Amino acid sequence: MVKIVVTKEHYDKVRKIERIANSKIKNIYAPVIECVDGQWGLWNIQKCYQSIDCYIAEVELDMKANNEEEAIAFWRTLQDFAEKQMKKGNPNVGQVYEEH
């Protein structure tokens, strides 16, 4: 798990996702495309909170990518899969919340 500083807008977006899903972010699969410590990929948010002077997200690498384009392609594939499963009525697959 890696801690990263995020903007207030990102923090607010996580809170919004939690309200929509009626669950804490650690129970929601909401991958984000990001380069953390030089590693591109899909990072899943485990926790997001406000410290005294900034906003922090704890993230875990879910899918490693060689560059931003590959990470975006992974994200789109996941989004397409989730949409197909939802159309089939599969209740175990939710929506991918981050938009790109």
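Residue positions within a chain follow its written sequence, with the count starting from 1. For this predicted model, a pLDDT threshold of at least 70 governs which residues receive local features, and a threshold of 80 or more governs which side-chain atom pairs are given and counted, while totals over whole chains, interfaces and linings are taken from all residues. Side-chain numbers come from the whole structure's heavy atoms, not from hydrogens or water.

Give me the overall build of the protein chain: which residues, what numbers.
If you tally the helices and strands in the protein chain, you get two helices and four strands. Secondary structure elements in the protein chain, listed N-terminal to C-terminal, are β-α-β-β-β-α. Looking at the protein chain as a whole, 35% of its 100 residues are labelled buried. The contact criterion used throughout is that any non-hydrogen atoms of two residues lie within 4.5 Å. Contacts in the protein chain between residues at least 24 apart in sequence constitute 48% of all its contacts with a sequence separation of at least 6. The Shrake-Rupley method, run with a 1.4 Å probe, gives the accessible areas here. Residue values count only the displayed protein chains as cover. Counting only carbon and sulfur atoms, one obtains 49% of the accessible surface of the protein chain, whose full area is about 6700 Å². Helix numbering and strand numbering both begin at the N terminus, where a helix is a DSSP run of H or I of at least 4 residues and a strand a DSSP run of E of at least 2. Exposure categories follow from relative accessible area, calculated using a 1.4 Å probe and restricted to protein chains: below 20% of the type maximum is buried, above 50% is exposed, and the middle band is partly exposed.

Now, about unusual backbone geometry: what can you tell me, with residues and values included?
With a phi angle near 55°, Asn-22 is a residue other than glycine that sits in the positive phi range. Among the structural elements, Asn-22 can be located in the loop between α1 (8-21) and β2 (31-36). The residue Asp-37 is not glycine, and still its phi comes out positive at about 50°. Among the structural elements, Asp-37 can be located in the loop between β2 and β3 (39-50).

Can you explain the environment of Ile-56? Please cite residues and give values.
Relative to the assigned elements, Ile-56 resides in strand β4 (residues 55-65). For the pair Ile-56 and Val-6, spaced 50 residues apart in the sequence, the C-alpha separation amounts to 5.7 Å. Non-local contacts of Ile-56, meaning those with residues more than four positions away in its chain, are made with Lys-3, Ile-4, Val-5, Val-6, Lys-47, Cys-48, Tyr-49 and Ser-51.

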